[in-house]
Amino acid sequence: MGGSGTTYLVCGAAAYGARLPERAGAAGELARLADARARADADALGLAGPDAPTVPWAADWRAEGAGDGDGLTELARAVAALPGPRLAVTGAAGTGKTSLAVLLTRELLRLPGPVPVHLSAASWEPALETLDTWLARRLAQEYGGCGDGLRRPATRRLVRDRLVLPVLDGIDELPPSPRDMALTGLRQALDGGTPLIVLLRPGTLADLGVPCAVLRAQPVDERTPRPAGPPGREADAARLARLLTRQRTGEFAWWRVHRARRAMVARGALLALSAALLLLVPPAALGAAGGLLAHLAFLSRDGQPRRPTALFGPRRPEPAAAVRAAVLLAVLPLLFLGGGAPVAVGAAACAALALALGIPAEAGLAAGPVRLLRDERASALLTALFAAPVAAGLAAGHTSPAVGALAGAATALLLSPWCRWLTARTVLAATGALPWAVLTFLEEAARAGLLRRTGGAYVFRSAGPRPPADDATGHLRFTGHTGARVRRGQAALYVPLWTAAALGAAVAEGTWAWAAVALCLLLPPALDLLVVPLVRRPAELHLNGDWIAVVSRDRRLALAWADIAEVAVRGWEGARGGYEPMLHVRLAPGVVPGPGMRVADGGWVALWPLGRGGGPGEELAGALARFAGTRWTG
């Protein structure tokens, strides 16, 4: 292939005067939203205005006119003319691949063809879903709440009909094993004719192994140095990197922070305390049942943030969401929870509130993290407002309606994503895992260039800061858990028992009946607090030049490298229900296993669980390559 040489793009305000071409239906709506998103990305990267930096590139294919003038319009036309189109944007870390992708996305939006959408691959789990499945889901998550025509069925059709051109960023930041699976998924998609622009480093591009046009990002000139991050906040950045490493994710989304272990323990304790308070006023459990119904009525998919929507207006909820709310807040209390005039009044009050204020519905992540948090806070308060009349109606006759309304509103707030975020932020900040003003820090880091916004989340540019070694001798320590993997807060545990408590409270008479209701309320948080620590134990993995060791409360296993023939990632043979990847070591011939050491066929010993990602992560893989040498086979 021939090249067109190196061209420098300068993005100014006049470069985007052209109107978007007409696209029908959902494709047109997606194009308008993607253009607004790309404009915001360009502003955040400093790529707009008269002082915009130069972004150099070189095309590795022959294209008529590519490289003439400022090169942007001609480059976009050349890319649009490629088969597919299929393009790899490559370059080392810090050469401006993301900046080039944003510029190219904005210009391609002004040409006919599939809609280019710049997306981060940080949320893609290639072991669980194909590229097309993830793409349809991600588009619905990011843009579905911003336009009525981009719900999940519509995005599936757009992807199926090849009307979307994903501009995929962040493949290199995935852990090694998911990255390899992602490359396999990309190869399959490209072989199937999927239009795709993917940003890769040169080594990863070689691993992809699929012939396609290549656009090489060149090092940015010295007049526009790459920012290193917000001044004086390096420690905060390192803490954030450690938190994301422990959670095995590449993006910080505030509505998922509650999955951190410390946050989940604190939330379980808060739920247990709240349930215990109901024992002081047992009839208030009826009010709590109203709050639970309101929570279920406006529950979002995957715990995603919500926003207030009007039943009649430009921002409408899905019809299914409105029907679900009506069933849970009116039909169910009237038919199955005793009915009566108070419940009927509560249902009528809910209907009036819905007509006047709207109802919470799933938001589009493209709104940005700060806007999402503001909308979720408003949705949580609106849910509590809906819970109050239903709870008061259910509690009438057993306790004061005011007590029932208060219990219902408090329950709805306690279960909301906003409350989960507040609890997680408080606990993680108090224990030093995050700064107190975390969103302020994240916005500063995004403006400084350390992070970039991708929808409602933040991701590190390149690989981000790395947690340091434990000491100057090179001894490395990794924290994690051993034992069975059990997640707290499972809906399968809470929903049946709390529903039984709500139904029981409606007909409870006598001490033993209320004791059964209290047991149903207290059992789920009690199991969350007690069972998980029993089966999931904190542990540490230690490595140095002489040995590798796993240390937990009831186990210490240390092996000298001289006694190890091989280190590899293998499936744990004792895993229940399928493959669970773990770090294994194979004992050298003649080595006698120590007491209590479980040795599988071939001399393999399961040492360290690797979690859902299935890979050791870049830091652990580097440590194994350093200390295990040729024994580490990946």
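From a predicted model like this one, the values you see are computed outputs, not experimental measurements.

A. Just the overall build of the chain, in detail. Within the chain, the secondary structure is distributed over 19 helices and 19 strands. A total of 634 residues make up the chain; the buried ones form 53% of that total.

B. Broad picture of empty space enclosed by the protein. In total, this model carries 3 cavities of 30 Å³ or more according to the counting rule given. Around the largest cavity sit Asp-132, Leu-135, Val-159, Arg-162, Val-164, Pro-166, Thr-194 and Pro-195, which together line it. Sorting the residues of the lining of the largest cavity by element identifies helix 4 (131–143) and strand 5 (164–169) as the ones contributing at least two each. Grouping the constituent residues of the lining of the largest cavity by class yields 5 nonpolar, 1 polar and 2 charged.

C. Highlighting helix 15 (residues 417–430). Helix length check: helix 15, at 14 residues, gives a terminal C-alpha distance of 20 Å against a target of 20 Å (1.5 Å per residue), a fit within 8%. Of all 14 residues in helix 15, 10 are buried, a share of seventy percent or more. If you check which residues of helix 15 are buried, you get Pro-417, Trp-418, Cys-419, Arg-420, Trp-421, Thr-423, Ala-424, Val-427, Leu-428 and Ala-429. Positioned one or two residues after helix 15, Gly-432 has a phi angle of 85°, which is positive.

D. Summary view of the pattern of salt bridges. Following the criterion strictly, the structure yields 11 salt bridges and no others. Across the pair Arg-37 and Glu-142 runs a salt bridge, and its minimum N-O distance is 2.6 Å. Of the two residues, Arg-37 sits in helix 1 (residues 25–44) while Glu-142 sits in helix 4, which places them 105 residues apart along the sequence. Accessibility classification places Arg-37 together with Glu-142 in one group, the buried group. For Asp-375, the salt bridge identified is with Arg-371, shortest N-O distance 3.3 Å.

E. Representation of the sheet that holds strand 19 (residues 604–609) within the structure. Spatial strand order, 17-18-19: 3 strands in an open sheet with antiparallel pairing. Only two strands of the sheet have a single neighbouring strand rather than two, namely strand 17 (564–571) and strand 19. Looking at each pair of strands side by side, their axes are set apart by 30° on average, direction ignored. Relative to strand 19, strand 18 (residues 581–587) is paired through 5 bridges, and the arrangement is antiparallel. The residue of strand 19 that forms the bridge with Met-582 is Pro-609.

F. How the structure looks around the packing of helix 2 (residues 72–80) against helix 3 (residues 97–108). Following both chains from N to C, one finds helix 2 and helix 3 inclined at 75°, their axes separated by 9 Å at the closest point. One finds that helix 2 runs roughly perpendicular with respect to helix 3. Between helix 2, through Leu-72, Thr-73, Leu-75, Ala-76, Val-79 and Ala-80, and helix 3, the contact on the second element is made entirely by Leu-103, Leu-104, Glu-107 and Leu-108. Split by residue class, the contact of helix 2 with helix 3 holds 8 nonpolar, 1 polar and 1 charged.

G. Structural detail: the nonpolar core. Counting 37 residues, the largest nonpolar core has Leu-30, Val-117, Leu-139, Leu-168, Ile-171 and Leu-186 as the members making the most contacts within it. Sorting the residues of this core by element identifies helix 1, strand 4 (115–120), helix 4, helix 5 (152–160), strand 5, helix 6 (176–191), strand 6 (196–200) and helix 7 (202–208) as the ones contributing at least two each. The element contributing the most residues to this core is helix 4, with 6 residues. Leave out the neighbours within four places in its chain, and Leu-186 touches Trp-124, Leu-131, Leu-168, Ile-171, Leu-196, Val-198 and Leu-208. Leu-240, Trp-255, Leu-372 and Phe-460 belong to the second-largest nonpolar core, a separate cluster that totals 33 residues.

H. Looking closely at the packing of helix 10 (residues 284–297) against helix 13 (residues 369–395). Two elements in contact, helix 10 and helix 13, have axes separated by 7 Å at closest approach and are oriented at 140°. It follows that helix 10 is oblique to helix 13 by the angle criterion. With respect to the hand of their crossing, helix 10 and helix 13 are arranged in right-handed fashion. Between helix 10 and helix 13, the contacting residues are Leu-286, Gly-287, Gly-290, Gly-291, Leu-293, Ala-294 and His-295 on the first element and Thr-383, Ala-387, Val-390, Ala-391, Leu-394 and Ala-395 on the second. By residue class, the composition of the contact of helix 10 with helix 13 is 8 nonpolar, 5 polar and no charged.

I. Examining the side chain of Thr-105 more closely. As for its placement among the helices and strands, Thr-105 is situated in helix 3. Note on Thr-105: relative accessible area 2%, which makes it buried. Excluding anything up to four places from it in sequence, Thr-105 contacts Ala-38, Pro-116, His-118 and Val-167.

J. View of the environment of Ala-88. Along the polypeptide, Ala-88 turns up in strand 3 (residues 86–90). The class for Ala-88 is buried, based on a relative accessible area of 0%. Residues Ala-88 and Leu-196, spaced 108 residues apart in sequence, show a C-alpha to C-alpha distance of 8.3 Å. If we ignore the near neighbours within four places in the chain, the residues touching Ala-88 are Val-198, Leu-205, Cys-212, Ala-213, Val-214 and Leu-215.

Calculation rules
For every chain, the first residue of its written sequence is number 1, and the numbers climb from 1 along that sequence. Note on the predicted model: pLDDT of at least 70 is required for a residue's local features to be given, and 80 or more for side-chain atom pairs to be given and counted; whole-chain, interface and lining totals, by contrast, use all residues. Each side-chain value is derived from all of the structure's non-hydrogen atoms; neither hydrogens nor water enter the calculation. Under the DSSP-based scheme used, a helix requires at least four consecutive residues in state H or I and a strand at least two consecutive residues in state E, with every element numbered from the N terminus. Partly exposed describes any residue whose relative accessible area lies between the buried limit of under 20% and the exposed limit of over 50%, with all areas from a 1.4 Å probe on protein chains only and scaled to the type maximum. For cavity detection a 1 Å grid was placed over the protein atoms alone, and a set of points counts as a cavity when a 1.4 Å probe fits there but cannot get out; an open set counts as a pocket when protein lies on both sides within 12 Å along at least five of seven lines, with lining residues being those that have an atom within 4 Å of a point. Grid points are joined across faces, edges and corners, and a volume is the space filled by probe spheres set on the points. Amino acid classes used here: Ala, Val, Leu, Ile, Met, Phe, Trp, Tyr, Cys and Pro are nonpolar; Asp, Glu, Lys and Arg are charged; the rest, including Gly, are polar. A helix is expected to span 1.5 Å multiplied by its residue count minus one. When a carboxyl oxygen of Asp or Glu lies within 4 Å of a side-chain nitrogen of Lys or Arg, that pair is called a salt bridge. Should DSSP find at least two bridges between two strands, the strands are taken to pair. Only C-alpha atoms enter the line fits that serve as axes; for helices the fit covers just the stretch in contact. Angles between N-to-C directions range over 0 to 180 degrees. Here roughly perpendicular refers to angles of 65 to 115 degrees, roughly parallel to angles under 35, roughly antiparallel to angles over 145, and oblique to all remaining angles. Contact between two residues is taken to exist if any of their heavy atoms lie within 4.5 Å; hydrogens are not considered. The term nonpolar core refers to a set of buried residues drawn from Ala, Val, Leu, Ile, Met, Phe, Trp, Tyr and Cys, joined through side-chain atoms within 4.5 Å. Throughout, a crossing is termed right-handed when the near helix is turned clockwise from the far one, and left-handed when it is turned anticlockwise from it by less than a right angle.

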